[in-house]
Amino acid sequence: MKLYGYFRSSASFRVRIALSLKGLDYELQPVHLRRDEQRAPGFLELNPQGLVPALEDGGTVIAQSLAIIEYLEERVAEPPFLPAAPADRAWVRALAQIVACDIHPINNLRVLQYLEKELALDDEARAAWARRWIEAGFTAMEAMLQDDSRCGDHCFGDRPTLADVCLVPQVVNSQRFDVDMDRYPTLARIYGNCMRLSAFADQAPERQPDAE
Ligand SMILES: N[C@@H](CCC(=O)N[C@@H](CS)C(=O)NCC(=O)O)C(=O)O
């Protein structure tokens, strides 16, 4: 398998964690987002969206981190990323989608570049934008998790699930925008527990071979 990704990309970070939890080997192909390599014709042939991550496996290219993670889940059963009961699976997916569908898409590089280049927002205004939407999502996640009996060392129980796989990269990303994690004690605790696991810690942006 070949993973097209970028060290600082949170969507790539999700897939790195998922590959690591499943114990799968892969080759990393860095796509340098600051040099616009995601918009190079060769990469657009692989992923017409011009976004990372993309996973190449046996002649197939899969885009979208959640689709990649589901693919890995369907190929390798252990350890599972979702609990067994349908309602619990939906709960974990809902937590993951707060990050992947509602926080991340409005704070990614192309959106922040649009705010800068087309709307002339300065650094502080762009950071305030990012903080605004991260905090909205984290406030909801904290409210969902803090008194939920299913929450343990991780978002669901004591093993990482898809929710943790999505949460951790978003917490790392939020540090760039000075989000105060003291406001989200449950999320901060779960983040700490995840980062004690090598499957998460070894995939941190600064530990990647393409890190600058
Ligand atoms: N929904 C997509 C989002 C992918 C995405 O936004 N990737 C970012 C990096 S985290 C990217 O490639 N940005 C390039 C750009 O904005 O030009 C996924 O989950 O894979």
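Rules behind the numbers
Residues numbered from 1 in each chain as written. Predicted model: local features only at pLDDT ≥ 70, side-chain atom pairs only at ≥ 80, totals over all residues. Heavy atoms only, no water. Pairing = 2+ DSSP bridges. Helix = DSSP H or I, 4+ residues; strand = E, 2+ residues; numbered from the N terminus. Axes fitted to C-alpha atoms, helices over the stretch in contact; angles between N-to-C directions. Core = buried A, V, L, I, M, F, W, Y, C linked by side-chain atoms within 4.5 Å. Buried < 20%, exposed > 50% of the residue type's maximum accessible area, 1.4 Å probe, protein only. Contact = heavy atoms within 4.5 Å. Salt bridge = Lys/Arg side-chain N within 4 Å of Asp/Glu carboxyl O.

Caption draft 1: Summary view of the sheet that holds strand 1 (residues 2-5). Taken in spatial order, the 4 strands make up an open sheet running 2-1-3-4, and their pairing is mixed. Here the strands that pair on one side only, and so sit at the sheet edges, are strand 2 (27-30) and strand 4 (60-63). Within the sheet, the average angular offset between the axes of one strand and its neighbour, ignoring direction, is 20 degrees. The pairing of strand 3 (residues 54-57) with strand 4 spans 4 bridges and is classified as antiparallel. Looking across to strand 4, one finds that Ala54 is bridged to Ala63.

Caption draft 2: Summary view of the nonpolar core. Counting residues in each nonpolar core, the largest one holds 53 residues, and the members touching the most others are Phe138, Met141, Leu162, Leu167 and Leu187. Ignoring any residue separated from it by four or fewer positions in sequence, one finds Phe138 in contact with Ile103, Leu167, Gln170, Val171, Ser174, Val179, Met181, Tyr184 and Leu187. Counting residues in hydrophobic clusters, the runner-up holds 8 residues, among them Tyr4, Phe7, Phe43 and Ala54.

Caption draft 3: A look at the pattern of salt bridges. Scanning all chains against the criterion turns up 10 salt bridges. Notably, a salt bridge pairs Arg183 with Glu135, separated by 3.5 Å at the nearest N-O pair. Of this pair, Arg183 sits in the loop between helix 7 (162-175) and helix 8 (185-195) while Glu135 sits in helix 6 (residues 123-146); the two residues are 48 residues apart in sequence, bridging distant segments of the chain. By relative accessible area, Arg183 is classed as partly exposed at 47%. In this structure, the salt-bridge partner of Arg150 is Asp148, at a minimum N-O distance of 3.0 Å. In this structure, a network of salt bridges that share partners links the residues Asp88, Asp148 and Arg150.

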